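Structural characterization, general
Spelled out from the first residue to the last, the chains are:
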Amino acid sequence: MPLSRLNPEQLQAAKAPFGHNLIIASAGTGKTSTIVGRIGYLLKEGVKPEEILLLTFTNKAAAEMVERVAGYFSKEVATRIEAGTFHAVSYRWLKKMDRQIILKQPSELKTLFRSIYDKRQFHHLQAEGQPFSANFLYDLYSLYQNATMEDFESWLNRRHEGQEPFIEIYLDIIREFEETKESYGFVNFNDLLILMREAVKESELPFKEVLIDEYQDTNELQGSMIDAMEPPSLFCVGDYDQSIYAFNGANINIIGSFTKKFADAKVFTLTKNYRSTAPILSLANRVIEYNERIYPKQLEVVRQGNAQMPKLLIFDNLLQQYETIAHMIRRSTTPHKEIAIIFRNNASADGVEAMLREQGIACKRKGGRSFFDAKEVKAALDIATLIANPKDMMAFIHIFEYAKGIGSATAKELFEGLITLGDGNMLEGIFHPKSMTNPFKTRSTNYQLGLFDHPTQIGSVSRFAHLGLDENFMAHPILKHPSLNADGVRFIYDFFKLAKDLKAKKQPVSIIRTILSSATYGFIIEQLARKRATLKNGEIDEAKKDEALDRIKRKGGLLVQLANAYNTLEKFINAMVLGGKELSEGEGVNLLTVHASKGLEFSEVYIIDLMDGRFPNRKLASQAGQIEEERRLFYVAVTRAKDLLYLSYAKYDSFKDTNFMPSQFLYEAGLLKKDQTFEKLKALSDH
């Protein structure tokens, strides 16, 4: 039984009575073992596996816990537990409820949002300030959905002064965006939780207990979904000192107010740290104690024996810092996979990565661009998505943005034209178009909402007669769009031929192979390879282009391997969308932002660029959680280290001709003597 391996504190928490239980599990105190122990206790008490819901912040964490449960019970029992991220669980349950939804990545829906935004004009408004860009407005709206339950107008006006003249246009853009999504069944990750929250109010879920990992990182939207479920018992595991996602809407008050919210709340604290040495843990505690103590705790180091003190490395300039750390790692006896370089901002990684590669040291970045973020992978999946669901406008827009002379707005109009010609089905619009004079809509005029006339006059198909394409294709009504040029028509022709080739195929692996060998995909990857091989003077480096094409084709091979494991196209595409973000590639030294390092541990850790302005990042601190959030980030970074910890800063950046002051956290850690500089930094934090 998993309970037999728990220490007394963990055991007491795992056997907590049914109700509302909060477990404060600091870094390295065995929270995963405690959660697995709790699940084992529930099963022993007669709770059925399907009556247990485990919510985590990564599918990997959920899979690890379920696997450990299977080791004590059986795979058959463990797989009946409902486990996964908030989004994955919501998606599965909405499907069980027969909700017709098409999950889209935020980047995809941002394209749709931009196509709607681009129809608006702001120049007629009398305003001193500038309107937000489409991308910024989209990100702001997404943050709003996660962070609060108040109306968007009030929230925006409170956070951003000077935007009042534009608010009515913003609201209408959002209205059209939401209506368009609903009409096509598109949902993003926020929508999954919103739909789930509304669905559970109308149906009774079977869960007797809901377990939540990383409870300190929940946001208002996730919290409202849990509240709507009204589970008989809650088992929430988290650490107030590791709440680091305020920028993404996480609300630290959710964990902070647990005992006020639930009258029967019980709080258990895990104090035995199994990860770090005493000096490392002592340094972390000295700094985090500057934050308010809502849940007091005193961690006890379990590891015994000699331990090396954390070392402060001071450099005259940034380049010297990166060079020296690369040399130290080259001389280190620690396996490279057990070494991490942690930084506050991604920009810090560029210099140190260059120095590592100069030394011939392999390294990888976690939290950067994943396999599924590669444009060539997205393009192949978008084409496959259109075959699985011919109503998927976003996939169509992404593909046709590659065509010369066709932007997102025209691509959207072409799709809507095909939908009209096919009675709601894009593929029918391709193969069996209705005989119509004009499949395109005329835009309306509304000066107040920034909408102006855009007449879509029908173009003559005869202008493309010189292309010598198939006569049946040349008679297609879609070619009457006035914005089309010869290159765009050729792209449409190749896409139509690909759609015909894919029409009879069912197996995902066969579909992916056909896509990868098509003229449409070949045109797309040729563009990508040329762009990646373009030099500063505009010339194409042919060797780089061949290298880029080779890397693209290797990704295609991996996509074929992934597709081979699925027997339906829908399951394959859904797996790629839901799980893609957790794939990481490469090996060697780990280069990590603090956020990407969360939940990991390493024998040897370097925390770099500990200069005021970089870590803490005062600009970001002013937007999310003030200096307390930056201090929690420092605490998380330090507690990734098991044996060796190096903290470094540079005094000068020669490239930007900038002098730096040390991070105030170095003073708080006792590594620098508190002086006038510290008092100045502290004053900045207090304000």
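All figures in this text were calculated on a predicted structure; none of them were measured in a lab.

Moving on, we come to the overall build of the protein chain. Per the secondary structure count, the protein chain includes 31 helices and 18 strands. Relative to its length of 687 residues, the protein chain is compact, with a C-alpha radius of gyration of 28 Å against a globular reference of 26 Å. C-alpha atoms of the protein chain, sized along the principal axes, occupy 85 × 65 × 55 Å. The buried share of the protein chain, taken over its 687 residues, is 54%. Put simply, of all contacts in the protein chain between residues at least 6 apart along the chain, 75% involve residues at least 24 apart. Side chains of the protein chain give 88 positive and 87 negative charges; the mean places of these two sets differ by 4 Å.

A few words now on the nonpolar core. Counting 92 residues, the largest nonpolar core has Phe396, Phe400, Leu414, Met426, Phe473, Phe495 and Phe572 as its most contacted members. A domain-level breakdown of this core finds at least three residues from each of domain 2 (102-184) and domain 4 (375-575). The next biggest cluster of nonpolar side chains, apart from the first, holds 62 residues, and it includes Leu318, Leu356, Tyr635 and Phe678.

Partitioning the protein chain into domains gives domain 1 (2-99 + 191-270), domain 2 (102-184), domain 3 (300-369 + 584-684) and domain 4 (375-575). Of note, the centres of domain 1 and domain 3, computed from C-alpha atoms alone, are 32 Å apart. If you look at the interface, domain 1 gives 15 residues, while domain 3 gives 11 residues. For the pair domain 1 and domain 3, the summed buried area comes to about 1,100 Å², and 58% of that belongs to carbon and sulfur atoms. The three residues of domain 1 that bury the most area against domain 3 are Asp241, Gln242 and Ile244, which together make up 44% of that side's buried surface.

On the secondary structure map, alanine 395 appears in helix H18 (residues 393-400). Looking at alanine 395, the relative accessible area reads 0%, which means it is buried. For the pair alanine 395 and leucine 42, spaced 353 residues apart in the sequence, the C-alpha separation amounts to 44 Å. Setting aside its immediate chain neighbours within four residues, alanine 395 contacts Lys104, Asp382, Thr385 and Leu386.

What follows covers a negative patch on the surface. A surface patch of negative charge is lined by Asp151, Glu153, Glu161, Glu164 and Glu168. Within the secondary structure, glutamate 161 sits in the loop between helix H8 (152-159) and helix H9 (167-184).

A word on the pairing of strand S12 (residues 339-343). Burial of S12 is extensive: five of the five residues sit out of reach of the surface. Of the two faces of S12, the one carrying Ile339, Ile341 and Phe343 and the one carrying Ala340 and Ile342 are both buried. Pairing analysis gives four bridges linking S12 to strand S15 (residues 602-607), with the strands arranged parallel. The partner of alanine 340 across the bridge, within S15, is valine 605. One ladder, built from four bridges, connects S12 with strand S14 (residues 589-593); its direction is parallel. If you follow isoleucine 341 over to S14, its bridge partner there is leucine 591.

As a further point, take helix H29 (residues 626-638). Owing to its 3.6 residues per turn, the α-helix aligns residues three or four sequence positions apart on the same side. Under the 1.5 Å per step criterion, the end-to-end length of H29 is 19 Å for 13 residues, consistent within 8% with the ideal 18 Å. Where burial is concerned, most of H29 is hidden: 11 out of the 13 residues are buried. Those residues of H29 not exposed but buried are Ile627, Glu629, Glu630, Arg631, Arg632, Leu633, Phe634, Tyr635, Val636, Ala637 and Val638.

As enumerated under the stated definition, the model contains 44 salt bridges in all. A salt bridge links aspartate 213 to lysine 31; the shortest N-O distance between them is 2.9 Å. Here the residue aspartate 213 occupies a position in the loop between strand S6 (209-212) and helix H11 (220-229), and lysine 31 occupies one in helix H2 (residues 31-44), the gap between them amounting to 182 residues. Using a relative accessible area of 2% as the deciding quantity, one classes aspartate 213 as buried. Taken together, the salt bridges that share partners define one network made up of Lys119, Arg120, Asp172, Arg175, Glu176 and Glu179.

Turning our eyes to something else, we now look at the packing of helix H7 (residues 134-147) against H9. Between two packed helices, what matters for the description is the angle formed by their axes and the separation of those axes. Remark: H7 packs on H9, axes separated minimally by 12 Å, with the N-to-C direction vectors making an angle of 75 degrees. Put simply, H7 runs roughly perpendicular to H9. Within the contact between the two elements, H7 uses Leu137, Tyr138, Tyr141 and Gln145 and H9 uses Tyr170, Ile174, Phe177 and Glu178. Looking at side-chain class alone, the contact of H7 with H9 contains six nonpolar, one polar and one charged residues.

What follows deals with the packing of H7 against H8. Packing of H7 against H8 brings their axes to within 11 Å, and their N-to-C directions diverge by 110 degrees. Taken together, the axes of H7 and H8 are roughly perpendicular relative to one another. The handedness of the crossing between H7 and H8 comes out as right-handed. Where H7 abuts H8, its residues Leu137, Leu140, Tyr141, Leu143 and Tyr144 lie against Phe152, Trp155, Leu156 and Arg159. For the contact of H7 with H8, the class distribution of residues is eight nonpolar, no polar and one charged.

Ordered by their spatial adjacency, six strands build an open sheet running S11-S16-S15-S12-S14-S13, and the pairing between neighbours is parallel. Among the strands making up the open sheet, the edge pair consists of strand S11 (311-315) and strand S13 (363-366). Sheet twist, expressed as the mean angle between neighbouring strand axes with direction ignored, is 25 degrees. Relative to strand S16 (residues 641-650), S15 is paired through five bridges, and the arrangement is parallel.

Ordered by their spatial adjacency, six strands build an open sheet running S3-S2-S6-S7-S1-S8, and the pairing between neighbours is parallel. Because the sheet does not close on itself, it has two edges, and the strands there are strand S3 (82-85) and strand S8 (266-270). Strand-to-strand, the axes of this sheet are offset by a mean angle of 15 degrees, without reference to chain direction. Bridge count between strand S1 (residues 20-25) and strand S7 (residues 233-238): five bridges; the pairing is parallel. Along S7, the bridge assignment pairs isoleucine 24 with glycine 238. On the sheet, H2 packs against S1, strand S2 (52-56), S6, S7 and S8 and is oriented at approximately 170 degrees with respect to S6.

A word on the side chain of arginine 275. Topologically, arginine 275 is positioned in the loop between strand S9 (272-273) and helix H14 (278-288). By relative accessible area, arginine 275 is classed as buried at 11%. A polar atom in the side chain of arginine 275 sits 2.9 Å from the side chain of glutamate 601. A polar side-chain atom of arginine 275 sits 2.8 Å from the main-chain carbonyl oxygen of threonine 639. Apart from residues no more than four positions distant in its own chain, arginine 275 is found in contact with Ala27, Gly28, Arg303, Leu600, Glu601, Thr639, Arg640, Ala641 and Lys642.

Another point: unusual backbone geometry. With an omega dihedral of 10 degrees, the bond running from phenylalanine 615 to proline 616 counts as a cis peptide bond. Despite not being glycine, aspartate 98 shows a phi value in the positive range, around 65 degrees. Looking at where aspartate 98 falls in the secondary structure, it is placed in the loop between helix H5 (86-96) and strand S4 (102-103).

On to the packing of aromatic side chains. Here the structure, examined in full by the defined rule, presents 30 aromatic pairs. A centroid spacing of 4.8 Å and a plane angle of 15 degrees characterise the contact between tyrosine 606 and tyrosine 646, whose relative ring orientation is stacked. Here tyrosine 646 lies in strand S16 and tyrosine 606 lies in strand S15, a separation of 40 residues in the sequence. The exposure class of tyrosine 606 is buried, given its relative accessible area of 1%. Given the relative accessible area of 10%, tyrosine 646 is considered buried.

What counts as what
- Residues numbered from 1 in each chain as written.
- Predicted model: local features only at pLDDT ≥ 70, side-chain atom pairs only at ≥ 80, totals over all residues.
- Heavy atoms only, no water.
- Helix = DSSP H or I, 4+ residues; strand = E, 2+ residues; numbered from the N terminus.
- Rg over C-alpha atoms; globule rule 2.2 N^0.38 Å.
- Buried < 20%, exposed > 50% of the residue type's maximum accessible area, 1.4 Å probe, protein only.
- Contact = heavy atoms within 4.5 Å.
- Lys, Arg positive; Asp, Glu negative; His and termini not counted.
- Charge placed at Lys NZ, Arg CZ, Asp CG, Glu CD.
- Core = buried A, V, L, I, M, F, W, Y, C linked by side-chain atoms within 4.5 Å.
- Domains from an automatic or database assignment.
- Buried area = accessible area lost by both parts, 1.4 Å probe.
- Patch = residues over 30% accessible without salt bridge, like charges linked within 9 Å, V, L, I, M, F, W, Y side chains within 5 Å.
- Areas by Shrake-Rupley, 256 points an atom, 1.4 Å probe, with all protein chains shown as cover.
- Salt bridge = Lys/Arg side-chain N within 4 Å of Asp/Glu carboxyl O.
- Pairing = 2+ DSSP bridges.
- Expected span 1.5 Å × (residues − 1).
- Axes fitted to C-alpha atoms, helices over the stretch in contact; angles between N-to-C directions.
- Parallel < 35°, antiparallel > 145°, perpendicular 65-115°, else oblique.
- Nonpolar A, V, L, I, M, F, W, Y, C, P; charged D, E, K, R; others polar.
- Left-handed = near helix turned anticlockwise from the far one by under 90°.
- Polar contact = N/O pair within 3.5 Å; in protein donor to acceptor, adjacent residues only side chain to side chain.
- Phe/Tyr/Trp six-rings, centres within 6.5 Å; stacked < 30°, edge-to-face > 60°.

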